[in-house]
Amino acid sequence: MTDAQETAEDTSLRTTGGAPPDDVAPAPIPLLEPREGIPPVVATDDALARVIADFAAGTGPVAVDAERASGYRYGQRAYLVQLRREGAGSALIDPVGCPDLSALGQALTGAEWILHAATQDLPCLRDIGMTPTSLFDTELAGRLAGFPRVGLGAIVENVLGYALEKGHSAVDWSTRPLPEPWLRYAALDVELLVDLRDALEDELDRQGKLAWALEEFAAIASAPPAPPRKDPWRRTSGMHKVRRRRQIAVVRELWTARDQVAQRRDVSPGKVLGDAAIIEAALALPVNVSALTALPGFGHRMGRRQLEQWQAAVDRAKALPESELPQPGQQPAGPPPPRSWADKDPAAAARLSAARTAVSELAERLHMPQENLITPDTVRRVCWEPPKALTPDTVETALAGYGARNWQIEQVGPLLLRALDTGA
């Protein structure tokens, strides 16, 4: 959030009022400071024990946030955890000094956790022992309620009437010691989450969507960790340019070598070797270090030893027998790209067109993004391979099989039944 100055006489939360008369300039939107100042960073077992006791004794939901060092460090570990709860105040915890927060997670069992964009923070929180039993996601709540901008700063300003300065969200949170402006920003990330949650709950209730939101939150809280991605090297930016199997093998070898170096040095892989450089080497198939050095991304700033390790990866790929070369691409599970449907299955294309139109119109009426009403992948799968017998029950079963929630099935099921009948 913000390195902000208080513009009101007190620090109590306020909401924006109605529009001022035409001849009166609107009052400036107040900026915010932490209500109790910036809490000290907790980095010792004794300090952590006090925080655990305070938050266990607190009441009501607990606001939770985490800061990572994406783009700077290897992986997505948390480098700061922020919490706030009634009766406990705010806390900033350093997971480097306190790497095991499972006791804190246990102390909060049964409490509702409030997070903004929960799916982004839950993996790194889980890694340090913190997993909620129930949650409220203010970003997702904003989407379901129809707010056009759901970033934390935008929705706080829209709902609670506070402007939050930007500037520290993408910094290197592994820095130690953390600068005071960053800590202020971090403390404010949880300062208003409880108030925001209450306001969004009221709005969802007013729109008749609260039960939908609660079902979404329960699904997030109960979802298992995502499985490791298969062949992550295939996601190298620019991979579409690489067509020959030998070149694809170079991408795989360079990506793997880079990942090992990045993990050993604990830096972002992109800081070790850029994706663009990997693609250039794959396309060129350099014969030696001199040829590699001439390629973009392998310039004079790179040491001889580094260049040799990259050339060794290229040489390993060039030496592979044909039987060990990777295939040009993974055939994605599920239906083919929709652009090919008209040629492959005109009836399926008609079903998809009708379904997309119906979902789009319903999402507009409900004032929410289409992807929150039902995922596009679910629509494609049902339209490509619909139930053999088209009945409300079979369509509902198909949607449930693809992970649709009950409220989504209730809203979208009848529309899809009619759309599937289009191409029957």
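Quick look at the structure, then. Since we're looking at a predicted model, the values are computed, not measured.

A few points about the environment of Thr394
If you trace the backbone, Thr394 turns up in helix α18 (residues 392–401). The class of Thr394 is partly exposed, set by a relative accessible area of 25%. Sequence spacing of Thr394 and Glu322 is 72 residues, and the spatial spacing of their C-alpha atoms is 46 Å. Discounting chain neighbours no more than four positions away, the residues touching Thr394 are Pro387 and Ala389. At a separation of 2.9 Å, a polar atom in the side chain of Thr394 contacts the main-chain carbonyl oxygen of Thr391.

Comments concerning helix α3 (residues 118–127)
Of all the residues in α3, the buried ones are Ala118, Asp121, Leu122, Cys124 and Leu125. On its buried side, α3 packs onto β2 (59–68), β3 (78–86), β5 (112–115), β6 (134–137) and α8 (210–222). Once α3 ends, the next one or two residues include Gly129, with phi positive near 95 degrees.

Here we look at the pairing of strand β4 (residues 89–93)
By the criterion of burial, β4 is predominantly enclosed, with five of the five residues buried. As paired elements, strand β1 (residues 41–42) and β4 share two bridges and run parallel to each other. Pairing of Val42 across the sheet is with Ile93, part of β4. Direction of pairing for β3 relative to β4: antiparallel, over a ladder of five bridges. Among the inter-strand pairings, Val81 is bridged to a residue of β4, identified as Ile93. Where β3 folds back onto β4 in an antiparallel hairpin, the turn is made up of two residues, including Gly87, whose phi is positive at roughly 90 degrees.

Remarks on unusual backbone geometry
Across the chain, the bulk of peptide bonds are trans and the bulk of non-glycine residues have phi less than zero. In this chain, Arg176 is followed by Pro177 through a cis amide linkage whose omega measures -5 degrees. With respect to the helices and strands, the residue Pro177 is situated in the loop between α5 (152–160) and α6 (180–191). Positive phi is not limited to glycine here, since Leu285 has a value of about 50 degrees. Tracing the backbone through its elements, the reader meets Leu285 in the loop between α11 (275–284) and α12 (289–293).

Points about the environment of Trp384
For Trp384, the location among the structural elements is in helix α17 (residues 376–384). Sequence-wise, Trp384 and Gly303 are 81 residues apart; in three dimensions their C-alpha atoms are separated by 52 Å.

What to know about the packing of aromatic side chains
Summed over the entire model, instances satisfying the criterion amount to five aromatic pairs. Ring pairs connect the aromatic residues Trp173, Trp182 and Tyr185, which therefore count as one cluster.

A closer look at the sheet that holds β1
Spatial ordering of the open sheet is given by β1-β4-β3-β2-β5-β6, a layout of six strands whose pairing is mixed. Of all the strands in the sheet, just β1 and β6 have a single pairing partner and so form its edges.

So, the pattern of salt bridges
A complete count under the given rule lists 18 salt bridges for this structure. Of the charged contacts in the structure, one is a salt bridge between Glu112 and Arg197, with a shortest N-O distance of 2.5 Å. Of this pair, Glu112 sits in strand β5 while Arg197 is found in helix α7 (residues 193–206), placing the two residues 85 residues apart along the sequence. Arg197 gets classed as buried once you look at its relative accessible area, which sits at 9%. Between Arg304 and Glu308 there is a salt bridge, with the nearest N and O atoms lying 3.2 Å from each other. Residue Arg304 and its partner Glu308 are both found in helix α13 (residues 304–319); the two are separated by four residues, about one turn of the helix. Three or more residues are tied together by salt bridges with common partners; here these are Glu112, Arg197, Asp198 and Glu201.

Regarding helix α1 (residues 45–57)
The terminal C-alpha atoms of α1 lie 18 Å apart, and with 13 residues this matches the ideal 18 Å at 1.5 Å per residue to within 8%. Of all the positions in α1, only Ala47, Leu48, Val51, Ile52 and Phe55 are classed as buried. Projected down its long axis, α1 carries its buried residues within an arc of 140 degrees, all on one side. Residues Asp46, Arg50 and Ala57 are exposed on α1 and point more than 90 degrees away from its buried face.

Rules of the game
- Residues numbered from 1 in each chain as written.
- Predicted model: local features only at pLDDT ≥ 70, side-chain atom pairs only at ≥ 80, totals over all residues.
- Heavy atoms only, no water.
- Helix = DSSP H or I, 4+ residues; strand = E, 2+ residues; numbered from the N terminus.
- Buried < 20%, exposed > 50% of the residue type's maximum accessible area, 1.4 Å probe, protein only.
- Contact = heavy atoms within 4.5 Å.
- Polar contact = N/O pair within 3.5 Å; in protein donor to acceptor, adjacent residues only side chain to side chain.
- Pairing = 2+ DSSP bridges.
- Phe/Tyr/Trp six-rings, centres within 6.5 Å; stacked < 30°, edge-to-face > 60°.
- Salt bridge = Lys/Arg side-chain N within 4 Å of Asp/Glu carboxyl O.
- Expected span 1.5 Å × (residues − 1).
- Arc of directions from axis to C-beta.

From the geometry alone we can't say anything about function, so treat these as descriptive.
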